[in-house]
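Chain by chain, the residues run as shown.
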Amino acid sequence: MPDTDPSGDFPAALLDVLAEARAAGFLGPGPLEPHLRHAEGFAALARRQPVALGSGPPRLLDLGSGGGLPGLVVAVRWPAATLVLLDGNERRTDFLVAAVRHCELDERVTVVHQRAEVAGRDPARRGTFDGVVVRSFGPPAVVAECAAPFLRVGGWLIVSEPPRSAPGGAGSDPEPSRWPPEELAQVGLEPVAPVRDEFGYQVLTQREICPGRFPRRDGVPTKNPIF
């Protein structure tokens, strides 16, 4: 049985490219529908976050975009926003370029093939985004160090959280120690709130501009995390 659109109104072109992404191994195993619902959660949260007034369309970054989730869904659900899909793997970015064109999103969505540590030091991108979304990039310390340099002061970061597990069990929030405020302050970030519905997310805000020493050179955030 083919996958179905969970909300009934996704463009067929988007469903086509996401099916291709799953077949290529860019989205992970299993039916497409849960991946779409997960991305819908990102889109709904993103649209509720603040954006800079008087500075043009909301400018968002999908960090480690992979097969295009959640970025492509956010682009479809938020027509006023512009997005950059960033990934360090050339095979994935080649796919994303074709996917964006096929979905006719190329006027608002740009694909960048570059490591986050390099892109985050680019003056053209540093401190220029209203929001960053992260589906699957790395542990919290790596996400924080690589995402914060892209955000303007007052910008926000939405990160996918792992499923609930023992000992917290049903009804528990994501473990607070995953996002320790004192350590996050090193890169200017502050945790705002965990969000738990069908899927879990963590929302953070950029309280201060990220210090110029971050991100560190390629690979260092993973080898020597800030917390």
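Structure report, in brief. Everything numeric in this text was worked out from a predicted model, so none of it was measured.

**Side note on the pattern of salt bridges**
Side chains carrying opposite charge are able to pair once their charged atoms draw close together. Evaluation of the coordinates by the stated rule reveals 13 salt bridges. The residue arginine 121 makes a salt bridge to aspartate 218 at a minimum N-O spacing of 3.6 Å. Taken together, the residues arginine 121 in the loop between helix H5 (116–119) and strand S4 (129–134) and aspartate 218 in the loop between strand S7 (200–206) and helix H8 (220–223) connect sequence positions 97 residues apart. By relative accessible area, arginine 121 is classed as partly exposed at 39%. Classification of aspartate 218 by relative accessible area gives partly exposed; the value is 38%. Ionic pairing is found between arginine 152 and aspartate 130, a salt bridge with its closest N-O pair at 2.6 Å. Here arginine 152 is found in strand S5 (residues 151–161), whereas its partner aspartate 130 is found in strand S4, with 22 residues between them in sequence. Here the residues in one salt-bridge network are Arg115, Glu117, Arg121 and Asp218, joined through shared partners.

**Some points on the sheet that holds S4**
The strand order S3-S2-S1-S4-S5-S7-S6 describes an open sheet built from 7 strands, whose pairing is mixed. Two strands in the sheet have a free side with no partner beyond their single neighbour: strand S3 (109–113) and strand S6 (189–196). Neighbour to neighbour, the strand axes of the sheet diverge by 20° on average, direction disregarded. In this structure, strand S1 (residues 59–63) lies alongside strand S2 (residues 82–87), joined through 5 bridges in parallel fashion. Note that in S2 the partner of arginine 59 across the bridge is threonine 82. Across the sheet, helix H2 (residues 32–47) is in contact with S4, S5, S6 and S7; its angle to S5 comes to roughly 155°. Here helix H4 (residues 90–102) sits on the sheet and contacts S2 and S3; the angle it forms with S3, its principal contact strand, is near 165°.

**Description of the packing of aromatic side chains**
One pass over the structure, following the stated rule, counts 3 aromatic pairs. The ring centre of phenylalanine 129 lies 4.1 Å from the NZ or CZ of arginine 59, which sits over that ring. The cationic tip of arginine 77 hangs over the ring face of phenylalanine 10; the distance from NZ or CZ to the ring centre is 4.1 Å.

**Re the environment of isoleucine 226**
With respect to the helices and strands, the residue isoleucine 226 is situated in the segment after H8. Taking the C-alpha atoms as reference, isoleucine 226 lies 25 Å from leucine 85; in sequence the two are 141 residues apart. Setting aside chain neighbours within four positions, we find isoleucine 226 in contact with Ala141, Glu145, Glu183, Gln186, Val187, Phe214 and Arg216.

**A word on the packing of helix H1 (residues 12–23) against H4**
Contact geometry of H1 with H4 gives a least axis separation of 9 Å together with a crossing angle of 165°. Our classification of the angle between H1 and H4 gives roughly antiparallel. Here the hand of the crossing between H1 and H4 comes out right-handed. Note on element contacts: H4 touches H1 through Phe95, Ala99 and His102, opposite Ala13, Asp16, Val17, Glu20 and Ala21. Within the contact of H1 with H4, the residues separate by chemical class into 5 nonpolar, 1 polar and 2 charged.

**Some thoughts on the side chain of histidine 35**
Within the secondary structure, histidine 35 sits in helix H2. A polar side-chain atom of histidine 35 sits 2.8 Å from a polar atom in the side chain of arginine 135. With near-sequence residues (within four places) excluded, histidine 35 lies in contact with Leu27, Gly28, Pro29, Gly30, Leu69 and Arg135.

What counts, and where the lines are drawn
Residues numbered from 1 in each chain as written. Predicted model: local features only at pLDDT ≥ 70, side-chain atom pairs only at ≥ 80, totals over all residues. Heavy atoms only, no water. Salt bridge = Lys/Arg side-chain N within 4 Å of Asp/Glu carboxyl O. Helix = DSSP H or I, 4+ residues; strand = E, 2+ residues; numbered from the N terminus. Buried < 20%, exposed > 50% of the residue type's maximum accessible area, 1.4 Å probe, protein only. Pairing = 2+ DSSP bridges. Axes fitted to C-alpha atoms, helices over the stretch in contact; angles between N-to-C directions. Contact = heavy atoms within 4.5 Å. Phe/Tyr/Trp six-rings, centres within 6.5 Å; stacked < 30°, edge-to-face > 60°. Lys NZ or Arg CZ within 6 Å of the ring centre and 35° of its normal. Parallel < 35°, antiparallel > 145°, perpendicular 65-115°, else oblique. Left-handed = near helix turned anticlockwise from the far one by under 90°. Nonpolar A, V, L, I, M, F, W, Y, C, P; charged D, E, K, R; others polar. Polar contact = N/O pair within 3.5 Å; in protein donor to acceptor, adjacent residues only side chain to side chain.

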